[in-house]
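A closer look at the structure
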Amino acid sequence: MEKIDILSLTLSELEKEIELLGEKKFRAKQIFQWLHVKKIRSFDEMSNISLELRTKLSVGFCLKSLNIARKLESCIDNTVKYLYKLSDGCFIETVLMEYSHGLSLCVSTQVGCKMGCRFCASTIAGFERNLEPSEILLQLYETERDCKRKISGIVLMGIGEPLDNFDNVLKFLKLVSAPEGNGLSLRHITLSTCGIVPRINELAELGLGLTLSVSLHCPDNEGRSEIMPVNRTYNIKELICATKKYAEKTGRRVTYEYAVIDGVNGEREDAQKLAALLKGINCHVNLIPVNSVKERNYRSSRESAYRFQKYLTDLGMNATVRRTLGSDIEAACGQLRREAAEKSENKR
């Protein structure tokens, strides 16, 4: 019989499992706190749990872990990029970023990505599977353990499309914010999506208080469909309608990510289209000089991004250029995983 992934269980789910073992319900809260407050790696560390119950746990449940396969530390800005190896041999990436207000962690939600955005390295090595709630959560726990500091914010902006792994991501959010456990406020979490409209609408109805970040990258359907295949399913009109609804329902400002690509979307005309598209929405435009990916020929520079920012601000838009972190360690998503996957393939 397959063991139950105990780190993926909410407190209420754990209570039911503990009662099925013939134990008192309050034991579940003790176990939950060992897992999510003390963040132990072994059932044997649960010192106030009887040996009999610990034995039951080890028989019926598994306690997943991540192993650091590679770690790159920036000499410029203290950014740290982790390549984590999962129990099945798959690899994911996690990036630790330092800001004046504290530490933020960029986590992955899938092994690979199906979305096929043309300028993104995450999709090149292919999609393998969704991450379990525990595997998303462990990126936080293992990174805190390694850096020996508390992380105050999370961005779901690593490898994968969070809304394509919707149920597991929602469960992760419930676990990471549980007051009996880690207790991180959802207002300190940003979810980034390429634009899966039905799921954005569901998020709006849930009213979780998350910050929504939308990868827009082009102000018209023709251009966006060329670089982001998801636009062929959910076009710009549908996407903007959903994000406007999200802002109105939640009272949260929406961020639109816009990778400025030379010769594709960075001209004054594009800025005019973008300003017209976002008019009246409580939003912010985050401009990104596109990362260089060896398999793609897209290029840009910070100068291009700042020029485009000037076009937008002249039109009354709230726009900033994203601070580049970890440039000396290639801290953008997907590059370490792709190299690790290629090495594993070559060994076969």
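Computed from a predicted model, the values in this text were never measured in an experiment.

**What about the pattern of salt bridges?**
A side chain with one charge may pair with a side chain of the opposite charge, provided their charged atoms come close. For the structure shown, the criterion picks out 21 salt bridges. Asp146 is the salt-bridge partner of Lys71, the closest N and O atoms lying 2.7 Å from each other. Taken as a pair, Lys71 in strand 3 (residues 67-73) and Asp146 in helix 4 (residues 133-147) lie far apart in primary sequence, 75 residues in all. Owing to a relative accessible area of 32%, Lys71 belongs among the partly exposed residues under this scheme. With a closest N to O distance of 2.7 Å, Asp88 and Arg129 form a salt bridge. With Asp88 in the loop between strand 4 (80-85) and strand 5 (91-99) and Arg129 in strand 8 (residues 129-130), this residue pair connects regions lying 41 residues apart in the sequence. Taken together, the shared-partner salt bridges in this structure form one network comprising Lys64, Asp88, Arg129 and Glu135.

**Some points on the sheet that holds strand 5**
Reading across from one edge, 3-4-5-6-9-10-11-12-13-14 is the order of the 10 strands in this open sheet, with mixed pairing throughout. With one partner strand each, in any of the chains shown, strand 3 and strand 14 (319-321) form the two edges of the open sheet. The mean angle between the axes of side-by-side strands here comes to 20°, regardless of whether they run parallel or antiparallel. Where strand 4 meets strand 5, 6 bridges bridge the pair, whose relative direction is antiparallel. The residue of strand 5 that forms the bridge with Lys81 is Val95.

**Topic: the nonpolar core**
Grouped together as the largest cluster of nonpolar side chains are 99 residues, with contacts concentrated most on Ile6, Ile31 and Leu278. Filtering out sequence-adjacent residues up to four positions away, Leu278 remains in contact with Leu216, Ile240, Tyr256, Cys283, Val285 and Met317. Of all hydrophobic cores here, the second largest spans 5 residues; its members include Val95, Met97, Cys106 and Leu325.

**Notes on unusual backbone geometry**
Its identity as a non-glycine residue notwithstanding, Lys39 has a phi of 55°, on the positive side. With respect to the secondary-structure elements, Lys39 resides in the loop between helix 2 (26-36) and helix 3 (51-60). In the Ramachandran plot, Lys148 falls in the positive-phi region, its phi being about 60° despite a non-glycine side chain. Tracing the chain through its elements places Lys148 in the loop between helix 4 and strand 9 (153-156).

**Examining the pairing of strand 11 (residues 211-215)**
By the criterion of burial, strand 11 is predominantly enclosed, with 5 of the 5 residues buried. Neither face of strand 11 is left uncovered, since the one carrying Thr211, Ser213 and Ser215 and the one carrying Leu212 and Val214 both have all their residues buried. Strand direction decides the pairing type here: strand 11 and strand 12 (residues 254-260), joined by 3 bridges, are parallel. Paired with Ser215 across the bridge in strand 12 is Glu257.

**Comments concerning the side chain of Ser304**
On the secondary structure map, Ser304 appears in helix 10 (residues 302-314). Residue class for Ser304 comes out buried when judged on its relative accessible area of 6%. Once residues within four sequence positions are removed from consideration, Ser304 is found in contact with Val260 and Asp262.

**Section: the packing of aromatic side chains**
Scanning the entire structure with this criterion turns up 3 aromatic pairs. A ring pair is formed by Tyr82 and Tyr84, whose centres lie 5.4 Å apart and whose planes are at 0°; its orientation type is stacked. With a relative accessible area of 1%, Tyr82 lands in the buried category. What links up through ring pairs into an aromatic cluster is the set Tyr258, Phe308 and Tyr311. Positioned above the aromatic ring of Trp34 is the side chain of Lys38, whose terminal nitrogen or guanidinium carbon lies 4.0 Å from the ring centre. Between Lys114 and the ring centre of Phe127, over which it is positioned, the NZ or CZ distance is 4.8 Å.

**Digging into the environment of Ser192**
Inspection of the secondary structure puts Ser192 in strand 10 (residues 189-193). Spatially, the C-alpha atoms of Ser192 and Ser215 are 7.1 Å apart, while their sequence positions differ by 23 residues.

**Focus on the environment of Phe166**
In this structure, Phe166 sits in helix 5 (residues 166-177). Along the backbone, Phe166 and Leu138 are 28 residues apart, and their C-alpha atoms lie at a distance of 18 Å. Excluding residues within four positions of it along the chain, Phe166 makes contact with Arg199, Glu202, Leu203 and Leu206.

**Remarks on the side chain of Gln139**
Positionally, Gln139 belongs in helix 4. Residue classification places Gln139 among the buried residues on the basis of a relative accessible area of 0%. Not counting chain neighbours up to four residues away, the residues in contact with Gln139 comprise Leu66, Tyr84, Ile92, Glu93, Thr94, Leu105, Val107, Ser108 and Leu131.

Rules used throughout
Residues numbered from 1 in each chain as written. Predicted model: local features only at pLDDT ≥ 70, side-chain atom pairs only at ≥ 80, totals over all residues. Heavy atoms only, no water. Salt bridge = Lys/Arg side-chain N within 4 Å of Asp/Glu carboxyl O. Helix = DSSP H or I, 4+ residues; strand = E, 2+ residues; numbered from the N terminus. Buried < 20%, exposed > 50% of the residue type's maximum accessible area, 1.4 Å probe, protein only. Pairing = 2+ DSSP bridges. Axes fitted to C-alpha atoms, helices over the stretch in contact; angles between N-to-C directions. Core = buried A, V, L, I, M, F, W, Y, C linked by side-chain atoms within 4.5 Å. Contact = heavy atoms within 4.5 Å. Phe/Tyr/Trp six-rings, centres within 6.5 Å; stacked < 30°, edge-to-face > 60°. Lys NZ or Arg CZ within 6 Å of the ring centre and 35° of its normal.

Note that all results are geometric; they support no functional claim without further evidence.
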